[in-house]
Amino acid sequence: VGHCHPDIVKAAHQQNQLLNTNSRYLHDNLVDYAERLSKTLPERLSSFYFLNSGSEANDLALRLARQYTQHKDVIVLDHAYHGHLTSLIDISPYKFRNLEGQKEWVHVAPVPDTYRGLYREDHEDSVTAYADEVKNIIEQAHKRGRKIAAFFAESLPSVGGQIIPPAGYFQKVAEHVHKAGGVFIADEIQVGFGRVGKHFWAFQLQGEDFIPDIVTMGKPIGNGHPIACVATTNEIAEAFAATGVEYFNTFGGNPVSCAIGLAVLDVIEKENLQAHATEVGNFLMKLLKEQKMKHPIIGDVRYQCLIYIFSCILFGSVK
């Protein structure tokens, strides 16, 4: 919502003057914030965990998926990056190919890029073709006695090249993954909170009939303040709690962080930033399309990606 937004600064200052403590001490801000976040998500995603960073959120999502499914293996998209923890480097082709390489429990699917990918815009059914690549990975994994815990993907692959997955791709992938006993994790750490303009969450670009099993949030959630969140279903949360090993994060969900999170939502709504990102993105899109007509060197202008990049700058997360 912009660098040093006065509403965010005020919310942090006021709460700091009253109380900031670790999350063993209950505070209304946490419950109020969870309730506000729940209104932006499908009703099915009704259990929330608060953390300090996107990497922490993705690591917890991985733990949730494995506990719920009792499986280990993960399918990720090529070129993906999901965080700096060891567990996440292992599922980030963007990183592990320059380090220790691909683990046996990690499976890499092609990015559903209809511009430069395996199946392009002229393909008769690129959605099914890309989803079938995931299906084939699952089948090959099963032949080797491996079991899929999760398909883990950014809703709009960013490090992978600002790719817009064709509508319907996630639905078909989720069908294959669920059939294999796995869950679908949508990484919204870079692309959530209205940055795609048309929707509050980038996974909603796939259509109203698609709901991930787990959604992770970071970066814009606190306008630069270290706060993150994992949203999931009650069933997955209950399976995680059933281990008897409670989840605890010392400062995840502390009163100041939640006050800031609430203020961010207030500003996005009050200043119509989602609509503003759409409006300015459309304007910029029109100009870039005109340039594309003039200059053959410009191959592709991506609408939602353009709005996302612009809103990252607008919301103060990119210099």
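- The name an unreviewed UniProt entry assigns to the protein is AT2L2 lyase, from the organism Brachypteracias leptosomus.
- The UniProt entry for the protein carries the following text under Sequence similarities (unreviewed entry): "Belongs to the class-III pyridoxal-phosphate-dependent aminotransferase family."

As for a nonpolar patch on the surface
Thinking step 1. There is a patch of nonpolar side chains on the surface, built from Phe 283, Leu 284, Leu 287 and Leu 288 and spanning about 320 Å² of accessible area.
Thinking step 2. Under the relative-accessibility criterion, Phe 283 is labelled exposed at 54%.

A word on the domain arrangement of the protein
Thinking step 1. When the domains of the protein are assigned, the result is domain 1 (6-271) and domain 2 (274-312).
Thinking step 2. For domain 1 versus domain 2, the distance between C-alpha centres works out to 26 Å.

Some words on the pattern of salt bridges
Thinking step 1. Using the criterion set out here, one finds 12 salt bridges in the structure.
Thinking step 2. Across the pair Asp 300 and Arg 302 runs a salt bridge, and its minimum N-O distance is 2.8 Å.
Thinking step 3. On the accessibility criterion, Asp 300 (29% relative accessible area) is partly exposed.
Thinking step 4. Three or more residues are tied together by salt bridges with common partners; here these are Arg 36, Asp 266 and Glu 269.

A word on the state of the cysteines
Thinking step 1. The full count for this structure, using the stated rule, is 0 disulfides.
Thinking step 2. A disulfide-free cysteine, Cys 229 has its sulfur positioned 9.0 Å from the sulfur of Cys 258, the nearest such atom.
Thinking step 3. We classify Cys 258 as buried; its relative accessible area is 0%.

Reading the values: the criteria
- Residues numbered from 1 in each chain as written.
- Predicted model: local features only at pLDDT ≥ 70, side-chain atom pairs only at ≥ 80, totals over all residues.
- Heavy atoms only, no water.
- UniProt positions renumbered as here; feature names shortened; annotations may be inferred.
- Patch = residues over 30% accessible without salt bridge, like charges linked within 9 Å, V, L, I, M, F, W, Y side chains within 5 Å.
- Areas by Shrake-Rupley, 256 points an atom, 1.4 Å probe, with all protein chains shown as cover.
- Salt bridge = Lys/Arg side-chain N within 4 Å of Asp/Glu carboxyl O.
- Buried < 20%, exposed > 50% of the residue type's maximum accessible area, 1.4 Å probe, protein only.
- Domains from an automatic or database assignment.
- Disulfide = S-S within 2.5 Å.

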